[in-house]
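Structure assessment
As a plain string of letters, each chain reads:
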Amino acid sequence: MARLVKLTEKSPLVLEGKEEDYYICRCGLSKKFPFCDGHHKKTKDEQDGKIYIYDENGRVEIEA
C-alpha cells in the first residue's frame, strides 16, 4: 500500500553537536535520509499552496 506524505519544509533541521553539526532532512528528498544530502535545493522555487510530487524523473506539479 502506498503512502502520500505532505512535507512543507524547504531546508534541513540543524542539530548543533559538540564536535560537529548534523543536518536532518525535512523535505523528504534526501538519498541519505534521515540526514540531509542537499536535495532540498530542488524545492527552493516551489510556490506556497501548490502540491508537488517528486519521482525518479523529477518534479510534477499537481493542481490542488
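Further up the page is the structure itself.
In short, a report on the structure.

Rules of the game
Residues numbered from 1 in each chain as written. Predicted model: local features only at pLDDT ≥ 70, side-chain atom pairs only at ≥ 80, totals over all residues. Heavy atoms only, no water. Helix = DSSP H or I, 4+ residues; strand = E, 2+ residues; numbered from the N terminus. Buried < 20%, exposed > 50% of the residue type's maximum accessible area, 1.4 Å probe, protein only. Contact = heavy atoms within 4.5 Å. Areas by Shrake-Rupley, 256 points an atom, 1.4 Å probe, with all protein chains shown as cover. Lys, Arg positive; Asp, Glu negative; His and termini not counted. Charge placed at Lys NZ, Arg CZ, Asp CG, Glu CD. Salt bridge = Lys/Arg side-chain N within 4 Å of Asp/Glu carboxyl O. 1 Å grid on protein atoms, 1.4 Å probe; cavity = no way out; pocket = protein on both sides within 12 Å on 5 of 7 lines; lining within 4 Å. Points joined across faces, edges and corners; volume = space filled by probe spheres on them. Nonpolar A, V, L, I, M, F, W, Y, C, P; charged D, E, K, R; others polar. Polar contact = N/O pair within 3.5 Å; in protein donor to acceptor, adjacent residues only side chain to side chain. Disulfide = S-S within 2.5 Å.

We now examine the overall build of the protein. Per the secondary structure count, the protein includes zero helices and four strands. Its helices and strands in sequence order give the protein the pattern β-β-β-β, from N to C terminus. Over its C-alpha atoms, taken along the principal directions, the protein stretches across nearly 45 × 30 × 20 Å. Within the span of the protein, comprising 64 residues, buried residues form 17% of the whole. For the protein, the share of sequence-separated contacts (at least 6 apart) that also reach a separation of at least 24 residues comes to 13%. Of the roughly 5,700 Å² that the protein leaves accessible, carbon and sulfur atoms contribute 50%. Separation of charge centres in the protein, based on 12 positive and 13 negative side chains, amounts to 1 Å.

Moving on, we get to the side chain of Glu46. Here Glu46 is to be found in the loop between β2 (21-24) and β3 (51-55). No salt bridge is formed by the buried Glu46; the nearest opposite charge belongs to Arg59, separated by 4.2 Å.

Tallied over the full model, the rule gives three salt bridges. The residue Arg26 makes a salt bridge to Glu9 at a minimum N-O spacing of 3.5 Å. With Arg26 in the loop between β2 and β3 and Glu9 in the segment before β1 (13-16), this pair connects stretches of sequence that are 17 residues apart. By relative accessible area, Arg26 is classed as partly exposed at 31%.

Right, let's talk about empty space enclosed by the protein for a bit. A complete count under the given rule lists one cavity of 30 Å³ or more for this structure. There is about 30 Å³ of room inside the largest cavity. Lining the largest cavity we find Ser11, Pro12, Cys25, Arg26, Cys27, Ser30, Cys36, Asp37, Gly38, His39 and His40. Its residues assigned to classes, the lining of the largest cavity shows four nonpolar, five polar and two charged.

Inspection of the secondary structure puts Ser30 in the loop between β2 and β3. A polar atom in the side chain of Ser30 sits 3.4 Å from the backbone nitrogen of Phe33. At 3.5 Å, the side chain of Ser30 forms a polar contact with the side chain of Asp37. In this structure, Ser30 is in contact with Cys25, Phe35, Cys36, Asp37 and His39, ignoring residues within four places of it in sequence.

Right, let's talk about the state of the cysteines for a bit. Applying the stated criterion across every chain yields a total of zero disulfides. Left without a disulfide partner, Cys27 is nearest to the cysteine sulfur of Cys25, which lies 3.9 Å away. With no disulfide partner, Cys36 has as its closest neighbouring cysteine sulfur the one in Cys25, 6.2 Å distant.

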